[in-house]
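These are the residues of each chain, in order.
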Amino acid sequence: MSNKMKILQFRKLSGPNYWSLRPCIQMLLDIGGLEELPTNMIDGFYERFTEALPTIHEHRCSVGKAGGFFQRVEEGTWMGHVVEHTALELQTLAGMDTGFGRTRETGDTGIYHVVYSYIVSEVGKRAGELSVDLCEKLIRGNKYDLDAIVQELKELRERYKMGPSTSSIVDEAVSRGIPFTRLNRGSLVQLGYGTNQKRIRATMTGETSSLAVDFAGDKWETKELLKKHGIPVPKGMETRNFESAFEAAQRWGYPLVVKPTDGNHGRGITVGVDNDDLFKHAWEAAKAQSKNGYIIVEAMLTGFDFRLLVINGNLVAAAKRVPAHVTGDGKQTIQQLIDEENENPLRGYGHENILTEIDVDHQTKRLIWDAGYTLKTKLPKDEILYLKTTANLSTGGTAIDVLDSVHPANVHIAERAIQIVGLDIGGVDIVAPDITTPISENGGGIVELNAAPGFRMHLQPTKGLGRNVAEPVIDMLFPPGSSCTIPIIAVTGTNGKTTTTRLLNHIMKFVGHTVGMCTTEGVYIKNRLVYEGDMTGPNSHKMVLTDPTVDMAVLECARGGLLRAGLGFKHCDVGVVTNVSADHLGLNYIDDLDKMARVKGVIPEVVKPNGYAILNADDERVADMADNTKGNVIFFSLEGKSNPVIKEHLKSGGRAVIFEDGTFCIMKGKWKYPLVEAKEVPITFDGKAIFNVANVLAAIGAAIGMGVKNENITAALTTFFPSFAQTPGRLTMMDMGYFKVLVDFAHNVAGYEGLAEFVKSLNPGRTIVTLCLPGDRRMEDFEEVSRIAAETYDEVILFDGYERGQEKGYISSTLQKYLIKHGMDNSNIEIIIDENQAVQHSLDHAQEGDLIILSNYDITGIHKRLVEHKEKLEKEAAKGVKRESRLY
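How each quantity is defined
Residues numbered from 1 in each chain as written. Predicted model: local features only at pLDDT ≥ 70, side-chain atom pairs only at ≥ 80, totals over all residues. Heavy atoms only, no water. Helix = DSSP H or I, 4+ residues; strand = E, 2+ residues; numbered from the N terminus. Buried < 20%, exposed > 50% of the residue type's maximum accessible area, 1.4 Å probe, protein only. Contact = heavy atoms within 4.5 Å. Areas by Shrake-Rupley, 256 points an atom, 1.4 Å probe, with all protein chains shown as cover. Pairing = 2+ DSSP bridges. Right-handed = clockwise from strand over helix to strand, strands pointing away. Axes fitted to C-alpha atoms, helices over the stretch in contact; angles between N-to-C directions. 1 Å grid on protein atoms, 1.4 Å probe; cavity = no way out; pocket = protein on both sides within 12 Å on 5 of 7 lines; lining within 4 Å. Points joined across faces, edges and corners; volume = space filled by probe spheres on them. Nonpolar A, V, L, I, M, F, W, Y, C, P; charged D, E, K, R; others polar. Patch = residues over 30% accessible without salt bridge, like charges linked within 9 Å, V, L, I, M, F, W, Y side chains within 5 Å. Salt bridge = Lys/Arg side-chain N within 4 Å of Asp/Glu carboxyl O. Lys, Arg positive; Asp, Glu negative; His and termini not counted. Charge placed at Lys NZ, Arg CZ, Asp CG, Glu CD. Core = buried A, V, L, I, M, F, W, Y, C linked by side-chain atoms within 4.5 Å. Phe/Tyr/Trp six-rings, centres within 6.5 Å; stacked < 30°, edge-to-face > 60°. Lys NZ or Arg CZ within 6 Å of the ring centre and 35° of its normal. Polar contact = N/O pair within 3.5 Å; in protein donor to acceptor, adjacent residues only side chain to side chain.

**Quick notes on the overall build of the chain**
Link 1 in the chain: Along the backbone of the chain there are 30 helices and 38 strands.
Link 2 in the chain: With the principal axes as the frame, the chain shows a C-alpha extent of 110 × 70 × 60 Å.
Link 3 in the chain: Residues classed as buried in the chain amount to 54% of the 888 residues present.
Link 4 in the chain: Taking as baseline every contact in the chain between residues at least 6 positions apart, the subset at least 24 positions apart corresponds to 66%.
Link 5 in the chain: For the chain, the exposed surface amounts to about 37700 Å²; the carbon and sulfur share of it is 48%.

**Some points on the pairing of strand β35 (residues 767-771)**
Link 1 in the chain: In terms of residue burial, β35 counts as a mostly covered element, since five of its five residues are buried.
Link 2 in the chain: Side chains of β35 alternate between two faces, with Thr767, Val769 and Leu771 and Ile768 and Thr770 buried alike.
Link 3 in the chain: Judged from the four bridges that link them, β35 and strand β38 (residues 851-854) form a sheet pairing that is parallel. The residue of β38 that forms the bridge with Thr767 is Leu851.
Link 4 in the chain: In terms of strand pairing, β35 meets strand β36 (residues 795-798) through four bridges, oriented parallel. Opposite Leu771, over in β36, you have Leu798 as the bridge partner.
Link 5 in the chain: Running through helix α27 (residues 779-792), the crossover from β35 to the neighbouring parallel element β36 is right-handed.

**Examining the pairing of strand β28 (residues 607-616)**
Link 1 in the chain: Counting buried residues along β28, seven of its 10 residues qualify, which places the element largely inside the surrounding structure.
Link 2 in the chain: Pairing of strand β27 (residues 572-577) with β28 involves five bridges; the strand directions are parallel. Residue pairing for β28: Val574 is matched across the bridge by Tyr612.
Link 3 in the chain: Of the pairings in the sheet, the one linking β28 to strand β29 (residues 632-637) comprises five bridges and is parallel in character. The partner of Ile614 across the bridge, within β29, is Ile634.

**Topic: the sheet that holds strand β4 (residues 111-117)**
By definition, the strands of a sheet pair up through backbone hydrogen bonds, in either a parallel or an antiparallel sense.
Link 1 in the chain: Taken in spatial order, the four strands line up as β1-β2-β4-β3 in an open sheet, and their pairing is antiparallel. The sheet terminates laterally at β1 (6-13) and β3 (101-105), the two strands that pair on one side only. Direction aside, neighbouring strands of the sheet carry axes that sit 15 degrees apart on average.
Link 2 in the chain: Of the strand pairs in this sheet, β1 and strand β2 (residues 24-30) are connected by seven bridges, and their pairing is antiparallel. Directly across from Lys6, in β2, lies its bridge partner Asp30.
Link 3 in the chain: This element, helix α3 (residues 79-93), spans β2, β3 and β4 of the sheet and lies at about 20 degrees to β4.

**Topic: empty space enclosed by the protein**
Link 1 in the chain: Enumeration according to the criterion identifies two cavities of 30 Å³ or more in this entry.
Link 2 in the chain: Roughly 80 Å³ of internal volume is contained in the largest cavity.
Link 3 in the chain: Along the walls of the largest cavity sit 13 residues, with Lys219, Thr222, Lys223, Val447 and Glu448 positioned nearest its centre.
Link 4 in the chain: Taken together, the elements giving at least two residues each to the lining of the largest cavity come down to α8 (219-228), β12 (295-299) and β21 (445-451).
Link 5 in the chain: Of the residues belonging to the lining of the largest cavity, the class tally is seven nonpolar, one polar and five charged.
Link 6 in the chain: What lines the second largest cavity is Arg11, Tyr18, Trp19, Gln26, His113, Leu563, Asn588 and Ile590.
Link 7 in the chain: Looking at the lining of the second largest cavity, its residues break down into four nonpolar, three polar and one charged.

**Quick word on a negative patch on the surface**
Link 1 in the chain: Side chains of Asp339, Glu340, Glu343 and Glu357 sit close together on the surface and give a patch of like negative charge.
Link 2 in the chain: Among the structural elements, Glu343 can be located in the loop between α11 (334-342) and β16 (347-348).

**Description of the sheet that holds strand β6 (residues 188-191)**
Link 1 in the chain: As summarised here, the arrangement of the four strands in space is β5-β6-β7-β8, forming an open sheet in which the pairing is antiparallel. If you trace the sheet from one side to the other, it starts and ends with β5 (180-182) and β8 (204-205), each paired once.
Link 2 in the chain: In terms of strand pairing, strand β7 (residues 198-201) meets β8 through two bridges, oriented antiparallel. Bridging across to β8, Ile200 finds its partner in Thr205.

**With respect to the nonpolar core**
Link 1 in the chain: If you look at the biggest cluster of nonpolar residues, it comprises 52 residues, and the most contacted ones within it are Phe739, Val741, Leu755 and Leu866.
Link 2 in the chain: Element by element, the count of residues in this core is highest for helix α26 (residues 749-761), at six residues.
Link 3 in the chain: The residues contacting Leu866, other than those within four sequence positions of it, are Met734, Met736, Val741, Val743, Leu843 and Leu854.

**Things to note about the packing of aromatic side chains**
Link 1 in the chain: In total, this model carries 16 aromatic pairs according to the counting rule given.
Link 2 in the chain: Their ring planes at 85 degrees and their centres at 5.2 Å tell us that Tyr18 and Trp19 sit as a pair that is edge-to-face.
Link 3 in the chain: The class of Tyr18 is buried, set by a relative accessible area of 17%.
Link 4 in the chain: On the numbers, 5.7 Å between centres and 20 degrees between planes, the contact of Phe242 with Phe246 is stacked. With Phe242 and Phe246 both in helix α9 (residues 242-252), this residue pair falls four residues apart, about one helical turn.
Link 5 in the chain: A relative accessible area of 22% places Phe246 in the partly exposed class.
Link 6 in the chain: Taken together, the ring pairs connect Phe45, Tyr46, Phe49, Phe69 and Phe70 into an aromatic cluster.
Link 7 in the chain: Across the ring face of Phe304, the terminal group of Lys320 is positioned such that the distance to the ring centre comes to 3.8 Å.
Link 8 in the chain: In this arrangement the basic side chain of Lys668 is found over the ring face of Tyr673, its NZ or CZ atom lying 5.4 Å from the centre.

**Some remarks on the environment of Leu53**
Link 1 in the chain: Among the structural elements, Leu53 can be located in the loop between α1 (45-52) and α2 (68-75).
Link 2 in the chain: For the pair Leu53 and Gly313, spaced 260 residues apart in the sequence, the C-alpha separation amounts to 50 Å.
Link 3 in the chain: Contact partners of Leu53, with chain neighbours within four places excluded, come to Phe70, Thr86, Glu89, Leu90, Leu93, Leu134 and Leu146.

**Some words on helix α29 (residues 835-844)**
Link 1 in the chain: For α29, a buried count of eight out of 10 residues is recorded, marking the element as mostly surrounded by other parts of the structure.
Link 2 in the chain: Taken together, the buried positions of α29 are Glu835, Asn836, Ala838, Val839, Gln840, His841, Ser842 and Leu843.
Link 3 in the chain: Among the structural elements, β34 (740-743), β35, β36, β37 (829-831), β38 and α30 (859-878) are those in contact with the buried residues of α29.

**A closer look at the side chain of Thr203**
Link 1 in the chain: Turning to its location among the elements, Thr203 is positioned in the loop between β7 and β8.
Link 2 in the chain: Judged by relative accessible area, which is 1%, Thr203 ranks as buried.
Link 3 in the chain: Within the local environment of Thr203, its side chain forms a polar contact with the backbone oxygen of Ala452, the two atoms lying 3.4 Å apart.
Link 4 in the chain: A distance of 2.9 Å separates a polar side-chain atom of Thr203 from the backbone oxygen of Pro453.
Link 5 in the chain: Ignoring anything within four residues of it in the chain, the contact list for Thr203 reads Ser165, Ile169, Ile425, Ala452, Pro453 and Phe455.

**A closer look at the pattern of salt bridges**
Link 1 in the chain: Applying the stated criterion across every chain, the model contains 39 salt bridges.
Link 2 in the chain: In this structure, Asp776 and Arg777 form a salt bridge, with 2.8 Å as the shortest nitrogen-oxygen distance.
Link 3 in the chain: Residue Arg777 is classed as buried on the basis of its relative accessible area of 6%.
Link 4 in the chain: Glu791 is the partner of Arg787 in a salt bridge, and the nearest nitrogen-oxygen pair spans 2.9 Å. Of this pair, Arg787 and Glu791 both sit in helix α27, separated by four residues, roughly a single helical turn.
Link 5 in the chain: By relative accessible area, Arg787 is classed as partly exposed at 22%.
Link 6 in the chain: Each member of the salt-bridge network shares a partner with another, and the members are Lys219, Lys223, Lys259, Glu298 and Glu448.

**Topic: the environment of Gly687**
Link 1 in the chain: With respect to the helices and strands, the residue Gly687 is situated in the loop between β32 (671-677) and α24 (690-705).
Link 2 in the chain: A relative accessible area of 15% places Gly687 in the buried class.
Link 3 in the chain: Linking Gly687 and Glu677, residues 10 residues apart in sequence, is a C-alpha distance of 8.7 Å.
Link 4 in the chain: Excluding residues that lie within four positions of it along the chain, Gly687 makes contacts with Ala678 and Val693.

Put into structure tokens, the structure is as follows:
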């Protein structure tokens, strides 16, 4: 056991993924010298573990009852499993109760996939690191500090989690099926998708008037505006000059309130200023918090502090706020009373609980001193000592719900005040003897209006009824009948997903949608490339879904993104799986087709119940995915009605899309609806490009699922051409004059098989292919691609691209070896390592009647090279330059 456990890889899975339909952390854990040693073989581990984490007793594990996990540890389980449960328990101890976890072996001895859920991703990741460290110490019997571990996680939680107000709105949205996207590490959140999105920052919304926020932020302007409208406010003045303020204080007399005009959360406010020295201190405190330098000095109203919350013009909550305080018992010191109050289970660190711990700061010490005491003083029995001048919950204050006792006149005043300023969500701070009589009669008044008021005091008051104040916010943002999301089409599969995605983008654009699309070439908005690169993962999906101009999303979802980070959405309206074949096997421990199918199968799993899964009936693994979707199923097939899956599906009244006698047909039960002939669909090359025929079938199924009319599907299919503009790098043909160039991004065995079949169907003269394969492919893939090439092409030019850790020349030399093995003469093989030089060589040496097949990766660069070469040839032709012709 000399080697320590090592975390080989950490991944945040932000949404549905290979392991779970919820956000998770995936850890690749090497248990080091422990190898396959179970917990019952480590001396004293069970005793040390149960002593360190007794609360983990509640974990049920696979046993299915409380204490089940302890039973597994005692009987003997793998250390990866222990790390999983420890990471979950550490999060629970830090106030984030989450319980999903899985630990699975990989193909390598002693290395495990450890997957567990999180609430705050940064805390989840750190919990994994700390759980490994804690388990190491428990194995060796070393000392550990659990309190310090939990405190570290709590501090991370407070730094990164959404505040209680934001969380309440998000939770209410989620309960209604409204998706949310956190736009920063603070409180900026998007609710919904695309054109139907709304944004909030804490309790400000995208509908909140910036002018109203400015008004509310300037306490003096607000006060003057309310005063002009006959709303009771305390008399006062605004000034930057201390002498003027001090003179007014002498004239009015104490007690007073001193505060910055632009402060918030009670910062810089001093209440109950009753002498000259305190006035000077209050002035300095307000100055320190003021950005514009202006200070308000006003008469102190007598009474209690009330907060009334108005949303969308209606009073929805009211609370009586009490500053942090302790009550003496004649025995304990003030410090002991504070410590005792902080032990109250309702109080916690930051926002983890209903109330916040009371912090002894400078203000607290001053109030204690003003009362004639110190922290060591034993407070007389039943005496109440206030420890803060304001009643904010964030400084330890308490709240009592009083909504049902607010006088109708005060309801009217509060609602009118917020509407005068123009806020959609606003807090009204009132000081009055009570709230049950009109403040215009009892000497009370409005002392402040607040934009972005906190919700915590209303959600979880110390006493009284909690109010779901997030509900009217969501009602306001998404009135009944309004939509919160946009249609999402998700496309996955081994081959054809990019072409299918692009074809669907064309169909949806044709019927009037503003489409956001993710592909391996980049992110497109309104058919314009806005971000170049392989954009098929969750971050790319979110880029589309957060764009406010998009009303339809067509998202390619690749294996790598699903394994690395999950999906960028929770549900889709239509999910397409084109096929599952041997590609990327052996990577990320996905080493057979069944596991690959499990990865791709995530897409039909997240289809909405009223949505559609579009599945390839000719692929057994894809067809089986119908058992795991909650949506409706539309199968597609090249085999037509002879496919047994199609037969059974149609018998039960299902729908399918088939290719029969050269025609694309829609099937509904026993009825057939011919749609369009393949010869009318350009990307099928008169039906010769079989893989594109399959892609068209998938796209038709998805369009049906989205409710597109048959005539519109036909019109869109017949106007989608194999070209750099619409299908870059995907089976495009360019006539160079005396020879032709076919470009296709074949990059796996199935892709090269389909390309070879298509080339043969053209009955070409001499064929020359540029050939490569990513360096991380299996040796059997290299051999199979070489066999296909040797049987199909006359000459092969090899280059290296996507080396992925291999030495330069490895790809070309490996392909060359297998080309020769499968019968190609070495004289017909040329190695040009650089991709662009290989392409140029093929173009420069092309003869009349040749077909050049470019299976290349630099799609944009190669297209530019082809255009330039064609222009050169056209100029030469205009000058009468003759070319040799080859006779076959």
